[in-house]
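Structural overview for review
Listed below are the residues making up each chain.
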Amino acid sequence: LVEDFDHQLHIDQFIAASSGSEIIDLLARAFLREGDEVLISTPSFVPYNMFSAWSGAKVVDVPLKANSYELDTEGLLLAINERTRIIFLTSPNNPTGTYISKATLDSFLAQVPSDVLIVFDEVYRHFADTDDYVTALPYLKKYPNLVAINSFSKTYGLAAMRVGYCYTSLEIARYV
């Protein structure tokens, strides 16, 4: 059992892979089919687009806000339809450095349909230095459609070893 901020995860809620990119690939293979849609917000990590397209999904880009590079949550919510299967969120975002505040994430998660997988890429979380930054961990019990991607390459200098992992609900972890 892993404990953090009074939240507990069972070891079976983790998926390890050769990188965060491989986690994205596994999720795309598990959840996407021809004709499905994926929402991304550019600029962002290229593998979101790449693995989604390789799985036959249409990638719908709702760009970050032009002046602030913040997530356009209203635009993302408006883009969700019956074909939407995955939404990729990044916080903090590479290359912009912007993050999703707790208040924004609270509001956004409450409005996303439960049948849409929310992939929260938090591999740069160690570089977030603000009081209103939050990881996906406190949200897992309330939102079982949430997956948080992490990596040891950014903070621990293990880029050459390509060690990535995610944590999620038991149901999603077992499925993947």
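Higher on the page you've got the structure.
Residues numbered from 1 in each chain as written. Predicted model: local features only at pLDDT ≥ 70, side-chain atom pairs only at ≥ 80, totals over all residues. Heavy atoms only, no water.

1. Some details on the packing of helix α1 (residues 20-31) against helix α2 (residues 46-54)
Two elements in contact, α1 and α2, have axes whose closest approach is 9 Å; the angle formed by their N-to-C orientations is 30°. One way to sum up the angle between α1 and α2 is to call them roughly parallel. Seen along the crossing, α1 lies across α2 with a hand that is right-handed. For the pair formed by α1 and α2, the contact residues are Ser21, Ile24, Asp25 and Ala28 on the first element and Pro47, Tyr48, Phe51 and Ser52 on the second. Classifying every residue of the contact of α1 with α2 gives five nonpolar, two polar and one charged. (Axes fitted to C-alpha atoms, helices over the stretch in contact; angles between N-to-C directions. Helix = DSSP H or I, 4+ residues; strand = E, 2+ residues; numbered from the N terminus. Parallel < 35°, antiparallel > 145°, perpendicular 65-115°, else oblique. Left-handed = near helix turned anticlockwise from the far one by under 90°. Contact = heavy atoms within 4.5 Å. Nonpolar A, V, L, I, M, F, W, Y, C, P; charged D, E, K, R; others polar.)

2. Quick look at empty space enclosed by the protein
Enumeration according to the criterion identifies one cavity of 30 Å³ or more in this entry. Taken as a whole, the largest cavity holds about 110 Å³ of empty space. Lining the largest cavity are 15 residues; nearest its centre among them are Leu64, Leu71, Thr90, Asn93 and Ile100. (1 Å grid on protein atoms, 1.4 Å probe; cavity = no way out; pocket = protein on both sides within 12 Å on 5 of 7 lines; lining within 4 Å. Points joined across faces, edges and corners; volume = space filled by probe spheres on them.)

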